[in-house]
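Single-letter residue listing:
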Amino acid sequence: MAAVIAMLEDLRGIAPLTAEGAAARFSAQGWTPGGKPRDGVETSWDKDGVGGWIQTFGGGSVVVSFAVWIRDVASGYFDDLDAVYEQGEQALADFLRAIEQSSLAAHLVEAEQTTADGDEFIAVRKWTLDGRILTAGVIQQDTDLPVMVVVALEEPTPA
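Just so we're clear, the structure is a prediction, and the values are computed from it rather than from any experiment.

Participant: I'm lost on the pattern of salt bridges in this one. Help?
Facilitator: One side chain can pair with another of opposite charge once the charged atoms of both are near each other. Counted by the stated rule, this structure contains seven salt bridges. Glu110 serves as the salt-bridge partner of Arg125, at 3.1 Å between the closest nitrogen and oxygen. One end of the pair, Arg125, is in strand S8 (residues 121-129); the other, Glu110, is in strand S7 (residues 108-110), and 15 residues separate them in sequence. For Arg125, a relative accessible area of 23% translates into the label partly exposed. Where Arg132 meets Glu155, a salt bridge forms, and the shortest distance between an N and an O atom there is 2.4 Å. Of this pair, Arg132 sits in strand S9 (residues 132-139) while Glu155 sits in strand S10 (residues 147-155), and the two are 23 residues apart along the sequence. The network of salt bridges with shared partners includes Glu100, Glu110 and Arg125.

Below, the structure written as structure tokens:
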């Protein structure tokens, strides 16, 4: 989680947030590229077992996301999905404590959650960070996919 917080702190300095700028920051902080270049920019990164991704969308929107905790449920290892959700919620709580003790805390403003957030996440917390949206939550996108704690920093589409 420390690697993610360090990246978020570093990404604050990029205005506007671009895929090229984010890739340069991943590289400078010693993340390992994953060989998934898109439009000439490395988009997949790894450090200390944490995955990081850079996504670009039409209109210039950029999202830098991280998977800070993952539990595979398809393997049958976990019989109790509710217990896995609880583990995910605890991992999220640990991340939230870490972010609230970081230098980012002074720049975070609680953001209102949308109906879509409630539909997408098992548990979620959302802020604005210098005009960007920072979301941290527990997610499972399909019943046979892993339960994950994800963190995403989104640069909204320029007006």
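Here the narrative resumes, following the displayed structure.
Participant: What is the right way to look at the nonpolar core in this model?
Facilitator: Buried together is how nonpolar side chains tend to be arranged in soluble globular proteins. Ranked by size, the top nonpolar core spans 41 residues in total, and within it Leu8, Ile54, Val64, Phe66, Phe95, Ile99 and Val151 carry the most contacts. Breaking this core down by element, the ones donating at least two residues are helix H1 (2-11), helix H2 (19-28), strand S5 (50-56), strand S6 (62-71), helix H3 (81-100), S8, S9 and S10. Ranked by the residues each element gives to this core, the list is headed by H3, at seven residues. Excluding its chain neighbours within four sequence positions, the residues that come into contact with Ile54 are Ala19, Ala22, Ala23, Phe26, Glu42, Thr43, Trp45, Val62, Val63 and Val64. By size, the runner-up hydrophobic cluster in this structure holds six residues, among which are Val124, Ile139, Met148 and Val150.

Participant: So what exactly am I meant to see when it comes to the packing of aromatic side chains here?
Facilitator: For any two aromatic rings, the description comes down to two numbers: the centre-to-centre distance and the angle of the planes. In the structure shown here, the tally under the stated rule is four aromatic pairs. Plain terms: the ring middles of Phe26 and Trp45 are 5.3 Å apart, the flat faces sit at 5° to each other, and that makes the pair stacked. With Phe26 in helix H2 and Trp45 in strand S4 (residues 44-47), the pair connects residues that are 19 residues apart, well separated along the chain. Given a relative accessible area of 0%, Phe26 falls into the buried group. When its relative accessible area of 7% is taken as the criterion, Trp45 is described as buried. Between the aromatic rings of Trp31 and Phe66, the centroid separation amounts to 5.7 Å while the plane-to-plane angle is 55°, which identifies the pairing as tilted. Placement of Trp31 in the loop between H2 and strand S1 (32-33) and of Phe66 in strand S6 is noted, with a sequence separation of 35 residues between them. Comparing Trp31 with Phe66, the two get one shared label, buried. Put simply, the rings of Phe26, Trp31, Trp45 and Phe66 touch in pairs and so form one group of aromatic residues.

What counts, and where the lines are drawn
- Residues numbered from 1 in each chain as written.
- Predicted model: local features only at pLDDT ≥ 70, side-chain atom pairs only at ≥ 80, totals over all residues.
- Heavy atoms only, no water.
- Salt bridge = Lys/Arg side-chain N within 4 Å of Asp/Glu carboxyl O.
- Helix = DSSP H or I, 4+ residues; strand = E, 2+ residues; numbered from the N terminus.
- Buried < 20%, exposed > 50% of the residue type's maximum accessible area, 1.4 Å probe, protein only.
- Core = buried A, V, L, I, M, F, W, Y, C linked by side-chain atoms within 4.5 Å.
- Contact = heavy atoms within 4.5 Å.
- Phe/Tyr/Trp six-rings, centres within 6.5 Å; stacked < 30°, edge-to-face > 60°.

In short, shape yes, function no, at least from these values alone.
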